Every structure is written in C-alpha cells, then in structure tokens.
Amino acid sequence: MAAHLKGDENTRLSLAGAYCNAAKYYLKYKHYEQAQTYLEKGETLAVQIGQVTHWLTAGELVVTFGMLKAEMFTEQGKEGEALACWQENIKALEMSSLTPAMKGTLCFNYEQVIDL
C-alpha cells in the first residue's frame, strides 16, 4: 500500500500513523515481534516522507517510533538497544528546529538516558 501511494504523501503519512497505532497496540499486550514489524515499517515510511516533504509532522513521527522502540527494548531488558534509540532521538531532535512540544520531547529523551 505504501509503495502504491507513492506521491500521495498525506495519505502515506496517515499510513505511517496507522503503523504507529498498530505498534502501540502490540506493545501494550507485549507482542514484541509484531510491534517491531510495525515500528520498522512506520519508521521507514516516515523517514521517506520527511526526506521528500521536509514536513515537521514526519520528523515528529520518526522520533515517536524511536521512543516506542526504546520503550520496547527497555521492557525486554535490552538496555543497550534502548539507550541507542534514546541517543538517536536526541541527536535527531538537536539537529531540528524545535517547537515547544519538541523541546519537551527532547527533555524526556534526556531523562530516559539518565535513567538508563
């Protein structure tokens, strides 16, 4: 579906959001393998959209996928992988134009690194 919609970035962004929701559902019930599938699909799609459109929403979604992956790794006891996700998010956020909400997200990411 994502490949079929190439060029319709609004719909592709909605699809990436749907992947995010599916990942959250599977994480809630600790179905990590299924969650990982949707996290990877959604993150890849959001990155592609951001590279084409430079939309802030796509960048925020990429960070959201990173946070979800970090939380999943933490739940699985994979602290090294979680730390890498939080640090990747920090780097991405520091290199972007931060909205007030994104500044809060950056602080949250720093707190998670400190906790680990």
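The structure this text deals with has already been given above.
Residues numbered from 1 in each chain as written. Predicted model: local features only at pLDDT ≥ 70, side-chain atom pairs only at ≥ 80, totals over all residues. Heavy atoms only, no water.

Asks: I'd like a rundown of the pattern of salt bridges, residues and numbers included.
Replies: Under the criterion given, the structure shown has 3 salt bridges. As a salt-bridge pair, Glu-75 and Lys-30 come within 3.6 Å of each other at their nearest N and O atoms. In this pair, Glu-75 sits in helix H3 (residues 56–75) while Lys-30 sits in the loop between helix H1 (9–28) and helix H2 (32–53), placing the two residues 45 residues apart along the sequence. As a salt-bridge pair, Lys-69 and Glu-43 come within 2.7 Å of each other at their nearest N and O atoms. Separated by 26 residues along the polypeptide, Lys-69 in helix H3 and Glu-43 in helix H2 bring together distant segments of the chain. (Salt bridge = Lys/Arg side-chain N within 4 Å of Asp/Glu carboxyl O. Helix = DSSP H or I, 4+ residues; strand = E, 2+ residues; numbered from the N terminus.)

Asks: So what's going on with the packing of aromatic side chains? Which residues, and what values?
Replies: Applying the stated criterion to the full structure yields 5 aromatic pairs. A ring pair is formed by Tyr-25 and Tyr-26, whose centres lie 5.3 Å apart and whose planes are at 75°; its orientation type is edge-to-face. Taking the relative accessible area as the measure of exposure, Tyr-26 reaches 24% and is therefore partly exposed. A connected cluster of aromatic rings, assembled from ring pairs, spans Tyr-19, Tyr-25, Tyr-26, Tyr-29 and Tyr-38. Over the face of the ring belonging to Tyr-38 we find Lys-41, whose NZ or CZ atom lies 5.7 Å from the ring centre. (Phe/Tyr/Trp six-rings, centres within 6.5 Å; stacked < 30°, edge-to-face > 60°. Buried < 20%, exposed > 50% of the residue type's maximum accessible area, 1.4 Å probe, protein only. Lys NZ or Arg CZ within 6 Å of the ring centre and 35° of its normal.)

Asks: Describe the environment of Glu-40, and please don't skip the residues or the numbers.
Replies: Of note, Glu-40 is situated in helix H2. For the pair Glu-40 and Ala-84, spaced 44 residues apart in the sequence, the C-alpha separation amounts to 15 Å.

Asks: Can you explain the side chain of Asn-109? Please cite residues and give values.
Replies: Position of Asn-109 among the secondary structure elements: in helix H5 (residues 100–115). Of note is the side chain of Asn-109, whose polar atom sits 3.3 Å from the side chain of Asn-89. Ignoring sequence-local partners within four residues, the contact set of Asn-109 consists of Met-67, Trp-86, Asn-89, Ile-90 and Leu-93. (Polar contact = N/O pair within 3.5 Å; in protein donor to acceptor, adjacent residues only side chain to side chain. Contact = heavy atoms within 4.5 Å.)

Asks: Requested: an account of the packing of H1 against H2, with residues and values cited.
Replies: Look at H1 against H2: their axes get within 8 Å of each other, and the N-to-C directions meet at 155°. Judged on the interaxial angle alone, H2 and H1 are roughly antiparallel. H1 and H2 meet at a crossing whose hand is left-handed. Considering only residue class, the contact of H1 with H2 consists of 16 nonpolar, 4 polar and 3 charged. (Axes fitted to C-alpha atoms, helices over the stretch in contact; angles between N-to-C directions. Parallel < 35°, antiparallel > 145°, perpendicular 65-115°, else oblique. Left-handed = near helix turned anticlockwise from the far one by under 90°. Nonpolar A, V, L, I, M, F, W, Y, C, P; charged D, E, K, R; others polar.)

Asks: Before we move on, could you go through the nonpolar core and cite the residues and values that matter?
Replies: Where a protein is soluble and globular, its nonpolar side chains tend to be buried together. Leu-27, Leu-39, Leu-45, Leu-61, Phe-65 and Met-72 are the most contacted members of the largest nonpolar core, which has 29 residues in total. Of all elements in the fold, only H1, H2, H3, helix H4 (79–94) and H5 reach the threshold of two or more residues within this core. Beyond its immediate sequence surroundings of up to four residues, Phe-65 is in contact with Ala-16, Tyr-19, Cys-20, Tyr-38, Leu-39, Gly-42, Glu-43 and Ala-46. (Core = buried A, V, L, I, M, F, W, Y, C linked by side-chain atoms within 4.5 Å.)

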